[in-house]
Amino acid sequence: MHAVRPEPESILSDPPLWEQAAAGLVICMLTGALIGPVLAPNQGETPLLRLFWLPIYALIVGLSVARFKTVVRVWPAWIALGCIIGLAFASKYWSIDPSTTGRRVIAMVFSGSFAMYLGSRFHGPNLPRLLASCALIMGVLSVFMVFAVPSIGVHHDVNAGMWRGIWYEKNQMGIVMVAGGIAATAWLASGNRIRIIPILSLVVCLGLVLATRSKTSLLCIMLGISIIGALWALKRVGPALIVAAVWIGVIGCAVGWWLWTFESAEILKALGKDPTLTGRTEIWEALFRMIDERPWTGYGYNAFWGPDSAPANWVRYQTGWLVPSAHNGWIDLLVQLGWPGAILVGTVMTSSYVLNLVRLPTAGVREGFWGIAYLTVYILLTFSESVLLSAQNMPWTMCLAILARAVYRESSVDRATLAPPRGRAYQTGPRIASDYADGRPVLIRRR
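Residues numbered from 1 in each chain as written. Predicted model: local features only at pLDDT ≥ 70, side-chain atom pairs only at ≥ 80, totals over all residues. Heavy atoms only, no water.

(A) View of the confidence of the model for the protein. Residues with a pLDDT of 70 or more make up 76% of the protein, whose mean pLDDT is 81. Looking over the protein, one finds the lowest element-wise mean pLDDT in helix α19 (residues 412–418), namely 39, and the highest in helix α5 (residues 75–90), namely 96. Taken as a whole, residues 1–11 scores under 50 in pLDDT and shows 21 contacts with residues more than four places along the chain or in a different chain. (pLDDT = per-residue confidence, 0-100. Helix = DSSP H or I, 4+ residues; strand = E, 2+ residues; numbered from the N terminus. Contact = heavy atoms within 4.5 Å.)

Structural data, given as structure tokens:
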């Protein structure tokens with residue numbers, strides 16, 4: 001008989017079913033699924049849509065209060081979130097649309113608090129399992145809407161024929177399915193047996209990413225799956241192969257950087273993209289002129305792209321179409337909060353990435369390498385989509401949740417449980433009891 005040393009996070013109880021269902025509901029709402037396209041088909045804020053969020057805010061408060069002792073353990077993540085919220089709130093005083101900035105800061109407070117709750121409460125494979133389950137449910141509902149209500153499930157504009165499921169547009173569905181596919185892969189990598197639910201989730205997510213015809217989403221989900229698969233394989237091989245794989249990865253990155261630097265036009269052509277990235281470079285050129293006017297303050301959090309925004313309308317005039325966003329998270333951040341906002345968010349994301357690299361051999365293995373894979377894909381996505389510092393937004397919320405998971409510290413009781421006495425864990429018990437009966441020596445005959 002050998003005592004088995006418990007896994008460091010195994011002593012943290014799994015959330016009960018009601019708690020998982022409540023957290024799953026909030027995640028589905030953060031994706032903007034169904035409620036937005038039905039209540040606000042023009043992607044504008046409406047009073048009715050805001051009313052739907054009030055019960056969700058109350059639910060977030062209830063979950064955070066119920067797990068208060070757990071949530072406060074991620075205090076370094078709370079400090080980072082507080083700095084971001086403080087800068088966004090301060091931008092209200094120079095915002096070109098103060099009322100919108102004020103409302104979105106409130107939304108950021110609630111979604112950020114939910115991220116802290118997720119990161120502190122859902123450990124090991126629990127968070128990727130929850131995300132994969134939500135993606136499966138939303139994916140099945142999207143397929144139903146495509147065939148039952150094609151007026152909602154299928155694009156009828158310039159993207160006619162492409163699936164958008166229960167979201168406003170195909171890119172939104174692609175981002176959610178990418179996150180769900182990576183989470184399903186991590187769920188599979190975290191265990192030693194095959195499970196049907198993550199396999200179904202992965203198949204549905206891959207199918208819907210293909211249905212969007214988004215090359216960016218396809219590249220992201222393949223990258224995330226490849227990272228998890230590579231790390232899972234390296235965990236099972238010897239040190240020599242690990243060193244060789246690292247060197248191959250470094251050389252591959254160097255070659256990729258060289259090819260992109262000197263042959264970017266040919267690479268884009270091979271991917272079916274024009275050198276302007278479907279008009280994105282024209283948007284970025286116009287936006288940098290606006291950034292030069294307010295480099296240190298920006299135009300206020302979430303205030304730049306309003307329908308009555310003069311700077312945004314000038315960008316739309318320059319590009320010749322109704323631009324909804326910068327299609328680049330960092331440029332969008334610069335027009336909102338200037339360079340201080342970009343530096344602050346960049347510091348937070350870099351810290352999160354480094355912490356997840358450090359915990360990769362321990363907690364990373366238990367969660368199926370989900371954190372590092374998601375962050376890598378998310379960082380890549382920020383260069384083509386405006387998914388940075390977004391209130392009521394699932395990708396950014398998951399990014400903050402990963403930061404909270406990385407800084408979570410067990411209590412002294414937990415650490416005592418994690419490190420049982422060496423004698424109990426690795427040594428056999430005393431042999432005196434086996435040689436004595438009722439306190440008297442027993443003669444043992446040797447054969």
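(B) Region of the structure containing the environment of Met 162. Examined against the element boundaries, Met 162 turns out to sit in the loop between α8 (150–153) and α9 (170–189). Counting along the chain gives 50 residues from Met 162 to Thr 212, while the straight-line C-alpha distance between them is 5.5 Å. Ignoring any residue separated from it by four or fewer positions in sequence, one finds Met 162 in contact with Val 154, His 155, Lys 170, Ala 211, Thr 212 and Arg 213.

(C) Region of the structure containing the side chain of Arg 104. Residue position: Arg 104 is located in helix α6 (residues 98–121). According to the relative accessible area criterion, Arg 104 is buried, its value standing at 13%. Here Ala 391 takes part through its backbone oxygen, which lies 3.5 Å from a polar atom of the side chain of Arg 104. (Buried < 20%, exposed > 50% of the residue type's maximum accessible area, 1.4 Å probe, protein only. Polar contact = N/O pair within 3.5 Å; in protein donor to acceptor, adjacent residues only side chain to side chain.)

(D) View of the nonpolar core. With 110 residues, the main nonpolar core has Phe 114, Leu 118 and Trp 370 as its most contacted residues. By residue number, the principal contributor to this core is α9, which donates 12 residues. Apart from the residues lying within four places of it in its own chain, the contact partners of Leu 118 are Ala 23, Ile 27, Leu 127, Leu 130, Met 398 and Ala 401. (Core = buried A, V, L, I, M, F, W, Y, C linked by side-chain atoms within 4.5 Å.)

(E) Looking closely at the environment of Ala 211. Looking at the element boundaries, Ala 211 is found in helix α10 (residues 196–212). Overall, the relative accessible area of 16% leaves Ala 211 in the buried class.

(F) Helix α13 (residues 280–293), seen in detail. Helix length check: α13 (14 residues) gives 21 Å between terminal C-alpha atoms against 20 Å at 1.5 Å per residue, within 8%. Within α13 the residues assigned to the buried category are Arg 280, Ile 283, Trp 284, Ala 286, Leu 287, Met 290 and Ile 291. (Expected span 1.5 Å × (residues − 1).)

(G) Here's a closer look at helix α11 (residues 215–234). The end-to-end C-alpha separation of α11 is 28 Å, in line with the 28 Å expected for 20 residues at 1.5 Å each. Along α11, the positions that sit buried rather than exposed are Ser 217, Cys 220, Ile 221, Gly 224, Ile 227 and Ile 228. Down the axis of α11, the buried set is contained in an arc of 120 degrees. They therefore lie on one face. The secondary structure elements touched by the buried residues of α11 are α9, α10 and α17 (370–381). (Arc of directions from axis to C-beta.)

(H) Summary view of the packing of aromatic side chains. All chains considered together, the criterion is met by 10 aromatic pairs. Clustering of aromatic rings is evident, with ring pairs tying together Trp 53, Tyr 57 and Phe 110. (Phe/Tyr/Trp six-rings, centres within 6.5 Å; stacked < 30°, edge-to-face > 60°.)

(I) Structural view of the packing of α17 against helix α18 (residues 394–407). Interhelical geometry of α17 versus α18 gives an angle of 140 degrees and a closest axis separation of 10 Å. Relative to α18, α17 is oriented oblique. The handedness of the crossing between α17 and α18 is left-handed. Between α17 and α18, the contacting residues are Trp 370, Gly 371, Tyr 374, Leu 375 and Tyr 378 on the first element and Met 394, Pro 395, Trp 396, Met 398, Cys 399, Ile 402 and Arg 405 on the second. (Axes fitted to C-alpha atoms, helices over the stretch in contact; angles between N-to-C directions. Parallel < 35°, antiparallel > 145°, perpendicular 65-115°, else oblique. Left-handed = near helix turned anticlockwise from the far one by under 90°.)

(J) Summary view of the side chain of Asn 126. In this fold, Asn 126 is placed in helix α7 (residues 126–148). Not counting residues up to four positions away in its chain, the partners in contact with Asn 126 are Asp 14 and Pro 15.

(K) Quick look at the state of the cysteines. One pass over the structure, following the stated rule, counts 0 disulfides. With no disulfide of its own, Cys 28 has Cys 134 as its nearest cysteine by sulfur position, at a separation of 4.3 Å. (Disulfide = S-S within 2.5 Å.)

(L) Region of the structure containing a nonpolar patch on the surface. On the surface, Ile 196, Ile 197 and Leu 200 cluster together into a nonpolar patch covering about 280 Å² of accessible area. Take Ile 197: it is sitting in helix α10. (Patch = residues over 30% accessible without salt bridge, like charges linked within 9 Å, V, L, I, M, F, W, Y side chains within 5 Å. Areas by Shrake-Rupley, 256 points an atom, 1.4 Å probe, with all protein chains shown as cover. Salt bridge = Lys/Arg side-chain N within 4 Å of Asp/Glu carboxyl O.)

(M) Representation of the packing of α5 against α6 within the structure. Their axes nearest at 10 Å, the elements α5 and α6 cross at an angle of 175 degrees. Comparing the axis directions of α5 and α6 gives the class roughly antiparallel. On α6, the residues touching Ala 77, Trp 78, Leu 81, Ile 84, Ile 85, Ala 88 and Phe 89 of α5 are Thr 101, Val 105, Met 108, Val 109, Gly 112, Ser 113 and Met 116. Class assignment for the residues of the contact of α5 with α6 results in 11 nonpolar, 3 polar and no charged. (Nonpolar A, V, L, I, M, F, W, Y, C, P; charged D, E, K, R; others polar.)

(N) How the structure looks around the environment of Arg 366. Along the chain, Arg 366 turns up in helix α16 (residues 360–366). Residues Arg 366 and Gly 124, 242 residues apart in the sequence, show an inter-C-alpha distance of 5.2 Å.

(O) The arrangement of the pattern of salt bridges in detail. One pass over the full model with this rule turns up 5 salt bridges. Between Glu 19 and Arg 67 there is a salt bridge, with its nearest N and O atoms 2.8 Å apart. Here Glu 19, found in helix α1 (residues 17–30), pairs with Arg 67, found in the loop between α3 (47–66) and α4 (68–71); they are 48 residues apart in sequence, far enough to count as distant. For Arg 67, a relative accessible area of 23% corresponds to the partly exposed category. The residue Glu 19 makes a salt bridge to Arg 121 at a minimum N-O spacing of 3.1 Å. Pair noted here: Glu 19 is in helix α1 and Arg 121 is in helix α6, with a separation of 102 residues, a long-range link. Accessibility classification places Glu 19 together with Arg 121 in one group, the buried group.

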